[in-house]
Amino acid sequence: MIHLLLAAVLLLLLPFLTGQGLMAALDDLQKKRAGLPEKYLSGSLVLLLLTEAAHLLTLIRGEGIAFCLKTAGLLWILVATVSYLFTLVRTFLRALKSSPEPKERKKDKAPADSVTAVFGAAAFLLIAAQLVYIALGSHVAITGDMTAETVQTLLSGAPFYETNPMTGLPYSAGIPSRLKILVLPSFYAIFARAFSLPATTVVWQLMPVFWGVNGYCAFAYLGRIFFPGADADARRKRGIFLFLAAFLVLASDSLPGTEGFSLLHAGFTGVSIRLWVLVPALIAAFRERRFVLCALAVLTESVILWTRFGVGMTLLLLLSLIAATLLLRRREVQPS
């Protein structure tokens, strides 16, 4: 149990440490201010892409999970440390540049009204209940999926993708290169190896909760973009929006492919991550002109799903958003 808790703590802290530096740098460039959801979400995507770099190096060298763990760990620590130091230096420099004159006392925010409090509490309870339900791992949909078997094969220490996870025998004809670069099994195997956890515990319990948190970070980010501002009305709308998102998860828990089913029963799969995390994050990032975060979403999909041309739905969505924006701008400038 202690190993599982340590892994959960790492998954809570490391993405934030990684993402806060990235978003701070983007804030300075774009004169914006990122919230906690964007920092955690961007950090999670960066960690996954760093793992992809370690995964590819492991494949090239013909090594196993031990080498991948060491390489990914070094990359994670390096990037998180640089990110943290950058944040400290940035905070220190901003403190030096601040005016020594006493600042006017800011007006206190208006207290949340009863509607905001009710919807906020309801959203929190729904999300917490869903994450606990996912953590139990007792209702996992594994039909046609062999992620846990692949992770278990990687944990054996053999070179990556030389053994068939369903038979335990070497591949007779090999596997497609496009399948070899997919990083989710390696990402999960790293945590299983580092914390001595069973593959099923990591794949069916720990990681669905991790991606569930990222999904709600994406929807919280989307709510802030749709309803900006710090006034009571904006906060009320954001609370209602997040409650509706959590409620619709339960309402759509019906068939494979729906958001509710993907989160509650298959949150470890690439398809679920794309639907639950990448799509809302991409929409919110595009609306705020956070094109670096848009690129992270597109790159992430390319390394977690076997797409036909190496890119998939997120790139198509991004191009559609760009085309729609250009079309609307063109109509605005045309004389009436």
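This write-up is about the structure you can find in this document. Since the model is a prediction, treat every value here as computed from it, not as a measurement.

Details of the layout of surface pockets
Counted as a void, the largest pocket has a volume near 520 Å³. Around the largest pocket, the lining is made up of 27 residues, and of these D145, T147, L179, L182 and P185 lie nearest the centre. The set of elements that each furnish at least two residues to the lining of the largest pocket consists of α5 (147–155), α7 (184–194) and α11 (270–287). Looking at which element gives the most residues to the lining of the largest pocket, the answer is α5, with four residues. Considered class by class, the residues forming the lining of the largest pocket number 18 nonpolar, seven polar and two charged.

Some thoughts on the packing of aromatic side chains
Inspection of the entire model under this criterion finds 17 aromatic pairs. Directly above the aromatic system of F286 lies the positively charged group of R289, at a separation of 5.2 Å from the ring centroid.

Remarks on a nonpolar patch on the surface
Nonpolar side chains collect at one region of the surface, where M1, I2, L5 and L6 lie side by side and expose about 450 Å² of accessible area between them. On the basis of relative accessibility, which here comes to 54%, the residue I2 falls in the exposed class.

As for the packing of helix α2 (residues 36–61) against helix α12 (residues 291–304)
Helices that pack against each other are described as a pair by the angle of their axes relative to one another and the distance between those axes. Where α2 contacts α12, the axes come no closer than 10 Å and their chain directions differ by 45°. On the basis of the axis angle, α2 is oblique to α12. The interaxial crossing formed by α2 with α12 has left-handed handedness. Contacts from S42, L45, V46, L48, L49 and E52 in α2 reach L293, L296, A297, L299, T300, V303 and I304 in α12.

Description of empty space enclosed by the protein
A probe as big as a water molecule, rolled over the atoms, marks out the empty space that is left. Overall, the coordinates contain two cavities of 30 Å³ or more when judged by the stated rule. At the level of secondary structure, the elements contributing two or more residues to the lining of the largest cavity comprise α4 (114–136), α8 (199–226) and α10 (259–266). At four residues, α10 tops the list of elements feeding residues into the lining of the largest cavity. Of the residues belonging to the lining of the largest cavity, the class tally is nine nonpolar, five polar and no charged. Around the second largest cavity, the lining residues are P208, W211, G212, L263, G267, S272, I273, W276 and V277. Elements with a contribution of two residues or more to the lining of the second largest cavity: α8 and α11. It is α11 that contributes the most residues to the lining of the second largest cavity, four residues altogether. Class assignment of the residues belonging to the lining of the second largest cavity gives a composition of six nonpolar, three polar and no charged.

Some words on the nonpolar core
What tends to happen in soluble globular proteins is that the nonpolar side chains get buried as a cluster. Counting residues in each nonpolar core, the largest one holds 79 residues, and the members touching the most others are W76, F187, Y188, M207, W211 and I304. Broken down by element, the residue count for this core peaks at 15 residues, all from α8. In this view, W211 contacts L48, L184, F187, Y188, G267, I273, W276 and V277; residues no more than four positions away in its chain are not counted.

Criteria and thresholds
- Residues numbered from 1 in each chain as written.
- Predicted model: local features only at pLDDT ≥ 70, side-chain atom pairs only at ≥ 80, totals over all residues.
- Heavy atoms only, no water.
- 1 Å grid on protein atoms, 1.4 Å probe; cavity = no way out; pocket = protein on both sides within 12 Å on 5 of 7 lines; lining within 4 Å.
- Points joined across faces, edges and corners; volume = space filled by probe spheres on them.
- Helix = DSSP H or I, 4+ residues; strand = E, 2+ residues; numbered from the N terminus.
- Nonpolar A, V, L, I, M, F, W, Y, C, P; charged D, E, K, R; others polar.
- Phe/Tyr/Trp six-rings, centres within 6.5 Å; stacked < 30°, edge-to-face > 60°.
- Lys NZ or Arg CZ within 6 Å of the ring centre and 35° of its normal.
- Patch = residues over 30% accessible without salt bridge, like charges linked within 9 Å, V, L, I, M, F, W, Y side chains within 5 Å.
- Areas by Shrake-Rupley, 256 points an atom, 1.4 Å probe, with all protein chains shown as cover.
- Salt bridge = Lys/Arg side-chain N within 4 Å of Asp/Glu carboxyl O.
- Buried < 20%, exposed > 50% of the residue type's maximum accessible area, 1.4 Å probe, protein only.
- Axes fitted to C-alpha atoms, helices over the stretch in contact; angles between N-to-C directions.
- Parallel < 35°, antiparallel > 145°, perpendicular 65-115°, else oblique.
- Left-handed = near helix turned anticlockwise from the far one by under 90°.
- Contact = heavy atoms within 4.5 Å.
- Core = buried A, V, L, I, M, F, W, Y, C linked by side-chain atoms within 4.5 Å.

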